[in-house]
Amino acid sequence: MITIGNYVKPKSLEEAYELNQARSSRVMGGMMWMRLGNARVKTVIDLSGLGLDQIEDEGNVIKIGAMCTLRQIEQCEALKDLCGDGIAECVRHIVGVQFRNQATIGGSIYGRFGFSDVLTAFLALDTFVELYDGGTIRLSEFVNRKPDKDILLSIIVRKSKRKFRYDSIRQTKTDFPVIACSVVTGMVHGKETWYFSVGARPMKAALLEKQWEIPADASEEMIADYARQAASEFTYGSNMRGSAEYRQHLAEVLIRREMTSILAEGR
Amino acid sequence: MEIQFTLNKKQVTAEVGADTVLLGVLRDLGCKSVKCGCETTNCGLCTVWIDGKSRLSCSVLAAGIDGHEVTTLEGVEEEAAEFGRFLAAEGGEQCGFCSPGFIMNVLAMKRELDDPDLEEIKEYLAGNLCRCTGYMSQLRAIQKYMTLQNENSGKEAQV
Ligand SMILES: Cc1cc2nc3c(=O)[nH]c(=O)nc-3n(C[C@H](O)[C@H](O)[C@H](O)COP(=O)(O)OP(=O)(O)OC[C@H]3O[C@@H](n4cnc5c(N)ncnc54)[C@H](O)[C@@H]3O)c2cc1C
Ligand code: FES
Ligand code: FES
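Given the structure is predicted, the values throughout are model-derived calculations rather than measurements.

On to the interface of chain A and chain B, then. Facing the 29 residues of chain A at the interface are 28 residues of chain B. Between chain A and chain B the total buried area reaches about 2100 Å² when both faces are included, carbon and sulfur atoms providing 53% of it. Of all residues in chain A, the largest losses of buried area upon contact with chain B belong to Tyr 7, Arg 35 and Gln 98 of chain A, amounting jointly to 32% of the total for that side. Between chain A and chain B we count two salt bridges in total.

Here it is as structure tokens:
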């Protein structure tokens, strides 16, 4: 388990950022993941006094403070209005309510975990991250950056008329996913665009963008072909939860189901 | 460092290290209902309420509790005993080790969800593991308990 020398609850973001520049300092979110590691941390920086625990609907964007819990996200009406049940679906299998009352979106996104349902879901949406020092950048850029000493302040989802679906497969309830997939579609620069995000491959989620004009009455075979193509463009690995081949097969099935569901609802 | 917090409606003080977790502090303060099962956020045995919300005390830094309100089973004894009778009647308590954390989460669910169906109950309690019962007896106990609660609140509303 982690060992910690000092616990500090800074009064300002500047103070938090300065403290975090020391090599042996660590910012804490809900501490759920960090506590299980063996790190020797000199100073742990608790961000809970800095007002980062609100979800704000700002008209054209929804801004989620990094210290918002996964449970807040699961129950957020503004996210439900924008994304349907997809966001609740991406967190509701994570351990239990008590866990989700503590684990934060900041820790989940900053951690860029391979198994992350949360990252997989938000990556397919029109999502940005706001960093204390690094400004606001696309999540798709952030996901490939090496962890550094910046502080994640918020996750910003731009509102648009996009359809979103999320699904995952687990061997047992509350376990890590064997595969996690989200599909988003909408008009981007006048073109019908499909975004596919596949996580738990078991590598961290990656994003694929396709400009596909799919007719509303596309046959099952046609949708299956698109899904096969999308799934084949990701790389997969094997671990104790499943082989690479099995994961690719599951990704294809989930993508097909999600595309079918979007097309049935109408874009 | 010294922390002060409200424990079961009483103000308490404790001396804690930077990496001390809440679970041990609560037991040292006499709340022996709080159990340690896994220490890795998986079993739910250590469930307490912090500012009214169910949390896993094995994974909460005690230092962060300064100024907050913590409730353990000892703080809701009567209500817990009432539900405990349903649990016993249905055979939903065998070794009983999971019961305090489980009861705390059932009572949190009662406060948070309005008339939950079986699927909602299962989902809410997914983080409370039990090695003995196979869960069916626990679910029966919850459903009977919730039905009685709804009947009672209906009667109160009529008065
Ligand atoms: C038993 C278990 C099962 C899990 N199952 C799943 C699952 O099925 N699906 C899933 O998606 N996730 C799962 N998770 C991960 C979980 O959902 C969280 O993503 C994880 O616990 C991290 O969130 P946290 O708030 O606890 O962050 P912490 O553990 O506190 O922090 C994680 C990392 O992020 C850094 N950090 C935190 N906040 C910030 C910030 N604002 N700025 C900069 N750095 C920051 C920390 O320094 C640390 O390096 C599981 C975790 C555990 C322990
Ligand atoms: S002891 Fe806390 S979840 Fe198991
Ligand atoms: S009754 Fe024994 S663990 Fe639940």
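Okay, the UniProt feature "domain: FAD-binding PCMH-type" (unreviewed entry) in chain A next. Mapped onto this numbering, the UniProt entry annotates "domain: FAD-binding PCMH-type" (unreviewed entry) at residues 1–162 of chain A. As a span, residues 1–162 of chain A carries 30% helix and 25% strand, and end to end its C-alpha atoms are 42 Å apart.

With that settled, the discussion passes to the pairing of strand S7 (residues 135–138) of chain A. Across four bridges, the pairing between strand S6 (residues 127–131) of chain A and S7 of chain A is antiparallel. Note that in S7 of chain A the partner of Phe 128 of chain A across the bridge is Arg 138 of chain A.

The buried count for helix H7 (residues 117–124) of chain A comes to eight of eight residues, which makes it a mostly enclosed element. Measuring from the side-chain oxygen of the N-cap residue of H7 of chain A to the backbone nitrogen of Val 118 of chain A gives 3.3 Å; that N-cap residue is Ser 116 of chain A.

Residues and elements named next belong to chain A. Examined against the element boundaries, Lys 210 turns out to sit in strand S12 (residues 206–210). Residue Lys 210 is classed as buried on the basis of its relative accessible area of 15%. A polar contact is formed between the side chain of Lys 210 and the side chain of Glu 233, at a distance of 2.9 Å. In contact with Lys 210, not counting residues within four places along its chain, are Glu 192, Thr 193, Trp 194, Phe 196, Gln 229 and Glu 233.

What follows covers the side chain of Glu 192 of chain A. Residue and element names in this part refer to chain A. Structurally, Glu 192 is set in strand S11 (residues 191–199). Residue Glu 192 is classed as buried on the basis of its relative accessible area, which comes to 12%. For Glu 192, the side chain forms a polar contact with the side chain of Trp 194, separated by 2.9 Å. Those residues in contact with Glu 192 that sit more than four places away from it in its chain are Thr 185, Gly 186, Met 187, Lys 210, Gln 211, Trp 212, Glu 213, Ile 214 and Arg 267.

What counts and what doesn't
- Residues numbered from 1 in each chain as written.
- Chains lettered and ligands numbered in written order.
- Predicted model: local features only at pLDDT ≥ 70, side-chain atom pairs only at ≥ 80, totals over all residues.
- Heavy atoms only, no water.
- Contact = heavy atoms within 4.5 Å.
- Buried area = accessible area lost by both parts, 1.4 Å probe.
- Salt bridge = Lys/Arg side-chain N within 4 Å of Asp/Glu carboxyl O.
- UniProt positions renumbered as here; feature names shortened; annotations may be inferred.
- Helix = DSSP H or I, 4+ residues; strand = E, 2+ residues; numbered from the N terminus.
- Pairing = 2+ DSSP bridges.
- Buried < 20%, exposed > 50% of the residue type's maximum accessible area, 1.4 Å probe, protein only.
- Polar contact = N/O pair within 3.5 Å; in protein donor to acceptor, adjacent residues only side chain to side chain.

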